[in-house]
Amino acid sequence: MNISFDLDSTLIPNGKEFETENRSGIAKLLGIEEMRIGTRELISDLQNQGHKIHIYTTSFRTKRKIRLTLKYYGIKVNRIVNEKENRKVLKSRNINSSKFPPAFDFDLHIDDLKGVGMESKRLNFKAIIVEPTDKNWIEKIKSVVENVA
């Protein structure tokens, strides 16, 4: 299955809404962003089960910057879709939505925004909405993935 993850407030904090992995001073200087504790293990587990992992964000970060942050934490993904690509593809398909994972062949999208959850119902795509403060977010994702797969 192709599983995509949002970044902001899902894997990368917008404040102090969840605990993050430790970063070195050099990583901070290089602009490596903080990463939610457990992200590497979750993604690794999903990949070991045969799933392909992608990043799908409406952030304007460059794909290079996103890859650099992921690489620092030992995370490798198959594809990164940022806002620049998202807008271009959705506009070309005349889709009025902030995100539409099927446009990128993503079977399941994981996000923090309730609006994405509403779009998933309206546009009939699968999404897991994870609260930034949810301590059981990993178990929630694994459980849904198991049921969907």
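Keep in mind the model is a prediction, meaning the values are calculated, not measured.

When helices and strands are counted, the protein chain shows six helices and five strands. Reading the protein chain from its N terminus to its C terminus gives the helix and strand order β-α-α-β-α-β-α-β-α-β-α. Here the protein chain has a C-alpha radius of gyration of 15 Å; the compact-globule value for 149 residues is 15 Å, and the two agree. Its C-alpha atoms put the protein chain at 45 × 30 × 30 Å along the principal axes. Out of the 149 residues belonging to the protein chain, those deemed buried represent 48%.

On to the packing of aromatic side chains. Evaluation of the coordinates by the stated rule reveals five aromatic pairs. An angle of 65 degrees between the planes, with centres 5.8 Å apart, marks the rings of Tyr56 and Phe106 as edge-to-face. With Tyr56 in strand 2 (residues 52–56) and Phe106 in the loop between helix 4 (83–92) and strand 4 (108–111), the pair connects residues that are 50 residues apart, well separated along the chain. Summarising the aromatic geometry, the rings of Phe100 and Phe125 are spaced 5.9 Å apart at their centres and angled 85 degrees between planes, so their arrangement reads as edge-to-face. Here Phe100 is found in the loop between helix 4 and strand 4, whereas its partner Phe125 is found in the loop between helix 5 (114–123) and strand 5 (126–129), with 25 residues between them in sequence. For the pair shown, Phe100 and Phe125 are each scored as buried. Through pairs of rings, three or more aromatic residues link up here, namely Tyr56, Phe104 and Phe106. The lysine or arginine in question, Arg36, covers the ring of Phe18, its NZ or CZ lying 4.2 Å from the ring centre. The ring of Trp137 has Arg36 sitting right over it, with the charged end atom 4.2 Å from the ring centre.

Along the chain, the position of Lys126 falls in strand 5. Lys126 gets classed as partly exposed once you look at its relative accessible area, which sits at 47%. For Lys126 and Arg87, which are 39 residues apart along the polypeptide, the C-alpha to C-alpha distance reads 20 Å.

Buried residues of helix 2 (residues 39–48): Thr39, Leu42, Ile43 and Leu46, and no others. In an axial view of helix 2, the angular spread of the buried residues amounts to 95 degrees, which keeps them on one side of the axis. Buried-residue contacts for helix 2 involve strand 1 (2–5), strand 2 and helix 6 (137–148). One or two steps after helix 2, the chain reaches Gly50, where phi turns positive at roughly 100 degrees.

Time to look at the sheet that holds strand 5. For sheets, the rule is that strands pair by backbone hydrogen bonds, running either parallel or antiparallel. The five strands are arranged 3-2-1-4-5 in an open sheet whose pairing can be described as parallel. Two strands bound the open sheet, and with one partner strand each, they are strand 3 (79–81) and strand 5. On average, adjacent strands in this sheet sit at an angle of 25 degrees to one another, irrespective of strand direction. Pairing of strand 1 with strand 4 involves three bridges; the strand directions are parallel.

What follows concerns the packing of helix 2 against helix 6. For the pair helix 2 and helix 6, interaxial distance at closest approach is 11 Å and the crossing angle is 15 degrees. With respect to their mutual orientation, helix 2 and helix 6 come out roughly parallel. Between helix 2 and helix 6 lies a crossing whose hand is right-handed. Where helix 2 approaches helix 6, its residues Thr39, Leu42, Asp45 and Leu46 are matched on the opposing element by Trp137, Ile138, Ile141, Lys142 and Val145.

Rules behind the numbers
- Residue numbers restart at each chain and count upward from 1, following the sequence in its written direction.
- pLDDT decides what is reported in this predicted model: residues at 70 or higher carry local features, side-chain atom pairs at 80 or more are listed and counted, and totals for whole chains, interfaces and linings draw on all residues regardless.
- Computation of side-chain values covers all heavy atoms of the structure but excludes hydrogens and water.
- In this text, helices come from DSSP runs of H or I with a minimum length of four residues, and strands from runs of E with a minimum of two, each type numbered from the N-terminal end.
- All radius of gyration figures rest on C-alpha atoms, and the globule criterion is 2.2 Å times the number of residues raised to 0.38.
- Residue exposure (1.4 Å probe, protein chains only): buried if accessible area is under 20% of the type maximum, exposed if over 50%, otherwise partly exposed.
- Centres within 6.5 Å are what make two rings of Phe, Tyr or Trp a pair, Trp counting through its six-membered ring; a difference in plane orientation under 30 degrees is then read as stacked, over 60 as edge-to-face, and the rest as tilted.
- The rule is short: NZ of Lys or CZ of Arg within 6 Å of the ring centre and within 35 degrees of the ring normal puts a charge over the ring.
- To obtain the arc, one takes the directions from the helix axis to the C-beta atoms.
- By the convention used here, residues are in contact when the closest approach between their heavy atoms is within 4.5 Å.
- DSSP-based pairing: two strands are paired if at least 2 bridges between them are found.
- Between the N-to-C directions of two axes lies an angle of 0 to 180 degrees, each axis being a line fitted to C-alpha atoms and, for a helix, fitted only over the stretch in contact.
- Oblique is the label for every angle not falling under 35 degrees (roughly parallel), over 145 degrees (roughly antiparallel), or within 65 to 115 degrees (roughly perpendicular).
- Crossing handedness follows the turn of the near helix against the far one: under a right angle anticlockwise gives a left-handed crossing, and clockwise gives a right-handed one.

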